[in-house]
Amino acid sequence: MQGHDLPEQLTAFLARHGRELSGFRRDLHMHPELAFAEHRTTGRIAERLREVGLEPRELPQGTGLVCDIGSGTGPLVALRADIDALPLTDEKDVPYRSTVPGVAHACGHDVHTTVVLAAGVFLAQLERAGALPGRVRLIFQPAEELPGGAVEVINAGAMEGVDRIFALHCDPRLVTGRVGLRTGGITAACDQLMVRLSGPGGHTARPHLTSDLVYALGKVVTELPAALSRRIDPRAGFSLVWGRISAGSAPNVIPDDAVAEGTVRCLDDEAWHAAPDIIKGLVESVASAYGAEAEVTYRRGVPPTINEATSVALMREAVTAALGPEAAASTPQSLGGEDFAWYLEHVPGALARLGTHSPDWDGPMLDLHRGTFDVDERAIGTGTRFMVTTALTALWESSRRDTRVDTEEAMA
């Protein structure tokens, strides 16, 4: 198959399978499963892949799977979908509302899964026809919301041999039919921080005879974000916000323990790696001035997602070919976390945003991580066109590059 044949082939494929894909997404939506409990979801995906002659491999932890299309030693491109749901109640009045109390697909992972599955079914047809210019690995990843699923996938060896990886995420602020692209940071690192101060405690009438932990914690809470703004490059998009502070149980007692917890978000990979040591040093400096002992617990979440320039260029070429040049949109950076970033620590790749907002919808914003979240299901077709064309564009480019290298070596 040549590139100019692809749009017509995809149109015919979606005409045949559109209702099936919508039904598959709705089935997942009705039966959401939380992180590392996605057994039914994994089974449904595997069943469909086997129907088209593929051999999916379940991941060691028992949920999620990997499936290769094509063989040989050609270039290998990966497409990733996350399959888990969120622990919140589905508040929509629709026939496909969640049947699991307190669990809902409120982030679009059911759409991501359906799109990558559809791309796999289409690419498997190409492979059988001898028209796949390389290999494609489908990654259906568990536990993105936890997070931790991406690390499990990598530890299972699913990134071995992969040249590039691509993914998409639903964006309810982008109109259906459009794809959001961005080079560089697209989502932030998201870590958790806990600061615990301790001291002997005492009477509020004699703060000079003890460590006034409430006052010391107040200094940490207010001075740490300010100090970080002078220790970390402001272009890194570094943000520390406290979410919980706890100290004391009586108005006239200085406590012997005080705790503050918050989140650290960052758009720059270098700043993210440096953050724990900088924060620990600053906390200890502030606490020691008031005679308090400081214990800092820094829990890594996910790195910032840094889209590689060549991968974004391939995506842009794919959008133009599959959907038209007007479909490509510039998407802003987000301080939300996305564990797709872990894959980009190993190979180049990019994350795109898939528009899911119907232009005909005049109601309130159906935003992510809310019980009312829903999508315009025409986005499934858009996503399928985009992901198939992205994978093939990357494979074609890799083949052209290899041909140039072979030619240059032969002429040398």
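Residues numbered from 1 in each chain as written. Predicted model: local features only at pLDDT ≥ 70, side-chain atom pairs only at ≥ 80, totals over all residues. Heavy atoms only, no water.

Caption draft 1: Seen up close, helix H1 (residues 6-30). Along H1, the largest kink reaches about 60° and is centred on His-17. Residues of H1 that are buried include every one of Leu-6, Leu-10, Phe-13, Leu-14, His-17, Leu-21, Ser-22, Phe-24, Arg-25, Asp-27, Leu-28 and His-29, and no others. (Bend = angle between axes of the 7 residues up to and from the residue. Helix = DSSP H or I, 4+ residues; strand = E, 2+ residues; numbered from the N terminus. Buried < 20%, exposed > 50% of the residue type's maximum accessible area, 1.4 Å probe, protein only.)

Caption draft 2: Spatial organisation of the packing of helix H2 (residues 39-51) against helix H3 (residues 109-128). Where H2 meets H3, the closest approach of the two axes is 10 Å, and the angle between their N-to-C directions is 15°. When the axes of H2 and H3 are compared, the pair comes out roughly parallel. The crossing of H2 and H3 is right-handed. On H3, the residues touching Ile-45, Arg-48 and Leu-49 of H2 are Thr-113, Leu-117 and Val-121. Residue composition of the contact of H2 with H3, by class: four nonpolar, one polar and one charged. (Axes fitted to C-alpha atoms, helices over the stretch in contact; angles between N-to-C directions. Parallel < 35°, antiparallel > 145°, perpendicular 65-115°, else oblique. Left-handed = near helix turned anticlockwise from the far one by under 90°. Contact = heavy atoms within 4.5 Å. Nonpolar A, V, L, I, M, F, W, Y, C, P; charged D, E, K, R; others polar.)

Caption draft 3: Seen up close, the nonpolar core. By size, the foremost hydrophobic cluster in this structure holds 63 residues, and its most contacted members are Leu-49, Leu-79, Leu-123, Val-136, Leu-138 and Phe-140. For this core, the element with the most residues is H3, which contributes eleven residues. Apart from residues lying up to four places away in sequence, Leu-49 is in contact with Leu-54, Pro-56, Leu-65, Cys-67, Leu-117, Leu-138 and Phe-140. In terms of nonpolar packing, the next biggest core, distinct from the first, is built from 31 residues, Ala-189, Cys-266, Ala-275 and Ala-292 among them. (Core = buried A, V, L, I, M, F, W, Y, C linked by side-chain atoms within 4.5 Å.)

Caption draft 4: Structural view of the side chain of Thr-356. Within the secondary structure layout, Thr-356 lies in strand E16 (residues 349-357). On the accessibility criterion, Thr-356 (3% relative accessible area) is buried.

Caption draft 5: Main features of the UniProt feature "domain: Peptidase M20 dimerisation" (unreviewed entry) in the chain. The UniProt entry lists residues 196-287 under the feature "domain: Peptidase M20 dimerisation" (unreviewed entry), expressed in the numbering used here. A distance of 10 Å separates the end C-alpha atoms of residues 196-287, which is 41% helix and 28% strand. (UniProt positions renumbered as here; feature names shortened; annotations may be inferred.)

Caption draft 6: Region of interest: the sheet that holds strand E13 (residues 293-302). Sheet architecture is open: four strands sit in the order E10-E12-E8-E13, paired in antiparallel fashion. Here the strands that pair on one side only, and so sit at the sheet edges, are strand E10 (239-247) and E13. Averaged over neighbouring strand pairs, the angle between their axes works out to 15° when direction is ignored. In the packing of helix H5 (residues 213-231) onto the sheet, contacts are made with strand E8 (189-198), E10 and strand E12 (257-266), and the angle to E10 comes to roughly 175°. Helix H6 (residues 269-288) rests against E8, E12 and E13 of the sheet, and its axis sits at about 165° to E13. (Pairing = 2+ DSSP bridges.)

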